[in-house]
Amino acid sequence: MNVIILETVLFIALVAVVGTIFVTALGITPVGRRLRQSANRKRIDKQAELTCPIHGLQQEDDLVRLPSGEPFCPHCYKETVHGHIT
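Just so it is clear, the structure is predicted and the values come from calculations on it, not from any experiment.

A. Broad picture of the overall build of the protein chain. The helix and strand inventory of the protein chain stands at three helices and four strands. When the helices and strands of the protein chain are listed from N to C terminus, the series reads α-α-β-β-β-β-α. Here the protein chain has a C-alpha radius of gyration of 25 Å; the compact-globule value for 86 residues is 12 Å, and the former is much larger. Across its three principal axes, the protein chain shows a C-alpha extent of roughly 75 × 35 × 20 Å. Expressed as a percentage of the 86 residues in the protein chain, the buried residues total 10%. For the protein chain, the proportion of contacts with a sequence separation of at least 24, taken over those separated by at least 6, is 5%. One way to put it: in the protein chain the 9 positive side-chain charges average out to a point 10 Å from where the 8 negative ones average out.

Right under this line is the structure:
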């Protein structure tokens, strides 16, 4: 019984080591670089969407969505709709 348990633990350890080596090797290849760059680009694009040129960075929950789907700063929306400048 102990041999079976030991064999199972060693097999799981082998799978973990092979997976770690694969992920590490993927990180230094051109495919890994492309994956990191695309994730970085998405993060930068999302932050750019949340930044109003007048009022700066806004929280995603505070943004107003226009019918076209474009995010709009809540302060700019108030100024546009109600005519109040804050």
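B. The arrangement of the side chain of Gln-58 in detail. Secondary-structure assignment places Gln-58 in the loop between strand S2 (56-57) and strand S3 (64-65). On the accessibility criterion, Gln-58 (11% relative accessible area) is buried. Here the side chain of Gln-58 touches His-55 through a polar contact of 3.4 Å, landing on its backbone oxygen. Residues contacting Gln-58, with those up to four places away along its chain left out, are Leu-50, Leu-63, Cys-73, Pro-74 and His-75.

C. Region of the structure containing the environment of Asp-62. Along the chain, Asp-62 turns up in the loop between S2 and S3. Among the residues examined, Asp-62 registers a relative accessible area of 42% and is labelled partly exposed.

D. Main features of the packing of aromatic side chains. Counted according to the given criterion, the structure contains one aromatic pair. Taking 6.4 Å as the distance between ring centres and 85° as the angle between the ring planes, the aromatic pair formed by Phe-72 and Tyr-77 counts as edge-to-face. Its relative accessible area of 34% is what places Tyr-77 among the partly exposed residues.

Scoring rules and cut-offs
- Residues numbered from 1 in each chain as written.
- Predicted model: local features only at pLDDT ≥ 70, side-chain atom pairs only at ≥ 80, totals over all residues.
- Heavy atoms only, no water.
- Helix = DSSP H or I, 4+ residues; strand = E, 2+ residues; numbered from the N terminus.
- Rg over C-alpha atoms; globule rule 2.2 N^0.38 Å.
- Buried < 20%, exposed > 50% of the residue type's maximum accessible area, 1.4 Å probe, protein only.
- Contact = heavy atoms within 4.5 Å.
- Lys, Arg positive; Asp, Glu negative; His and termini not counted.
- Charge placed at Lys NZ, Arg CZ, Asp CG, Glu CD.
- Polar contact = N/O pair within 3.5 Å; in protein donor to acceptor, adjacent residues only side chain to side chain.
- Phe/Tyr/Trp six-rings, centres within 6.5 Å; stacked < 30°, edge-to-face > 60°.

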